[in-house]
Structure formats: structure tokens, C-alpha cells
Amino acid sequence: RKLVDMEIKLVRFARSLTVWASRLEKLTYICSLRDPYISLVCGGLAFALALALGTFLCFLSFVPYGLGPYFVLWMAGMVALLPDPQQETLRRWFFKAKAYKERMLGPNRLFPALRNLCGRVPDGLEA
């Protein structure tokens, strides 16, 4: 019985290693810049992330006495520690805003496009 359990654990471990190896191969393919479209999208996402982070840090620098990061942590803690009725109110507002956005702009097309773009990345190197 113990031998069978050990074999099952080894098979599960081997499968998880295979999944991680596949993800690592995809990441190395993206980093090697072999597909111009994937490289363009990843570069655009990296630029947008750097721009958003820079803008956020710029706004944090406007908080007096260098207390910007502490203010952000305080706000996050304040939201996390709200009583349940107020958290439910925030959730309702969030979902109303999301429904309004979908009604005005249509359904989100970014995530399906990124999923299809990730489908372009091969699991192994193609000869």
C-alpha cells in the first residue's frame, strides 16, 4: 500500500515538473524574441507596466513627508478590515461599474486576445 502511494506521489510530482518545464520553455521562447508579434505585445505590456508604475510612484511622491507608501498600505488595510456590509457595498459598486463598462464598451476583448497569443507560443522549439 505504501509503495503504491509513493508511486502515485512520484507521478504527480513528475507531472507538476512537466507543467513547470513547459511554462519555462514558453517563457524562454518569448524572451528569445523569435516571434515578432509576441515580442511586440510583451514589449508593449512591459512599457505600459513601467509607465503605470512610474506614474503611481510620481503620485506617491506628492504625499507630504514621504508617507506615500504608508498611505497606500493604510488604504489597503482599511478596505480589507471593513465590516461585511461595507465590503458588500464596495463589491456591488465594483460590479455595477464593471457592468456599466461592459454595457458602454462591450465585453472585454483583451484576455481572449492574450490567450490566443499565448497559444502561438510552442511548447518546444520547432525545427
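Structure first, text after, so check above.
The model shown is predicted, which means the values in this text are computed figures rather than measured ones.

Chemist: Help me understand the overall build of the chain in this model?
Modeler: Each helix and strand in the chain was counted, giving 5 helices and 0 strands. Written out in order from the N terminus, the α and β elements of the chain read α-α-α-α-α. Taken over C-alpha atoms, the radius of gyration comes to 22 Å for the chain, far larger than the 14 Å a tight globule of 127 residues would show. Its C-alpha atoms put the chain at 55 × 50 × 40 Å along the principal axes. Per-residue burial for the chain yields a buried fraction of 9% across its 127 residues. Carbon and sulfur atoms provide 71% of the accessible area of the chain, an area that totals close to 11,300 Å². Separation of charge centres in the chain, based on 17 positive and 9 negative side chains, amounts to 6 Å.

Chemist: What is the right way to read the pattern of salt bridges from this model?
Modeler: Oppositely charged side chains can pair when the atoms bearing their charge come close. Within the structure shown, the criterion is met by 1 salt bridge. Between Glu-88 and Arg-91 there is a salt bridge; the shortest N-O distance is 3.1 Å. Of this pair, Glu-88 and Arg-91 both sit in helix 4 (residues 84-105), 3 residues apart, which is roughly one turn of the helix. Overall, Glu-88 belongs to the partly exposed group, its relative accessible area being 37%.

Chemist: Would you explain the side chain of Gln-87 in this entry?
Modeler: Following the sequence through the fold, Gln-87 ends up in helix 4. Residue Gln-87 is classed as buried on the basis of its relative accessible area of 18%. A polar contact of 3.3 Å, which involves the side chain of Gln-87, links it to the backbone oxygen of Leu-82. If we ignore the near neighbours within four places in the chain, the residues touching Gln-87 are Val-79, Ala-80, Leu-81 and Leu-82.

Chemist: Help me understand helix 4 in this model?
Modeler: Three- or four-residue spacings in an α-helix give side chains the same orientation, since the helix completes a turn every 3.6 residues. The end-to-end C-alpha distance of helix 4, which contains 22 residues, comes to 31 Å, matching closely the 32 Å that a straight helix rising 1.5 Å per residue would cover. With its phi angle positive at about 90°, Gly-106 sits one or two positions after the end of helix 4.

Chemist: What should I look at first to understand the packing of aromatic side chains in this one?
Modeler: The relation between two aromatic rings is expressed through the spacing of the ring centres and the mutual angle of the planes. As enumerated under the stated definition, the model contains 3 aromatic pairs in all. Between Phe-94 and Phe-95, the aromatic rings sit 5.4 Å apart at their centres with planes inclined by 65°, giving edge-to-face as the arrangement. According to the relative accessible area criterion, Phe-94 is exposed, its value standing at 53%.

Chemist: Looking at this structure, I do not really get unusual backbone geometry. What am I missing?
Modeler: Backbone geometry follows two general trends: most residues other than glycine have a negative phi, and most peptide bonds adopt the trans configuration. For Tyr-65, which is not glycine, the phi dihedral falls at a positive 60°. Checked against the element boundaries, Tyr-65 lands in the loop between helix 2 (36-61) and helix 3 (68-80).

Chemist: Please explain a nonpolar patch on the surface as it appears in this structure.
Modeler: Together, Leu-53, Phe-56, Leu-57, Phe-71, Val-72, Trp-74, Met-75, Met-78, Val-79, Leu-90 and Trp-93 line one region of the surface with nonpolar side chains, adding up to about 1,000 Å² of accessible area. Counting only elements with at least two residues in the nonpolar patch, the list comes to helix 2, helix 3 and helix 4. When residues in the nonpolar patch are grouped by element, the largest group, 6 residues, is from helix 3. The residue Val-72 is located in helix 3 in this model.

Here is what the cut-offs are and how they apply
Residues numbered from 1 in each chain as written. Predicted model: local features only at pLDDT ≥ 70, side-chain atom pairs only at ≥ 80, totals over all residues. Heavy atoms only, no water. Helix = DSSP H or I, 4+ residues; strand = E, 2+ residues; numbered from the N terminus. Rg over C-alpha atoms; globule rule 2.2 N^0.38 Å. Buried < 20%, exposed > 50% of the residue type's maximum accessible area, 1.4 Å probe, protein only. Areas by Shrake-Rupley, 256 points an atom, 1.4 Å probe, with all protein chains shown as cover. Lys, Arg positive; Asp, Glu negative; His and termini not counted. Charge placed at Lys NZ, Arg CZ, Asp CG, Glu CD. Salt bridge = Lys/Arg side-chain N within 4 Å of Asp/Glu carboxyl O. Polar contact = N/O pair within 3.5 Å; in protein donor to acceptor, adjacent residues only side chain to side chain. Contact = heavy atoms within 4.5 Å. Expected span 1.5 Å × (residues − 1). Phe/Tyr/Trp six-rings, centres within 6.5 Å; stacked < 30°, edge-to-face > 60°. Patch = residues over 30% accessible without salt bridge, like charges linked within 9 Å, V, L, I, M, F, W, Y side chains within 5 Å.

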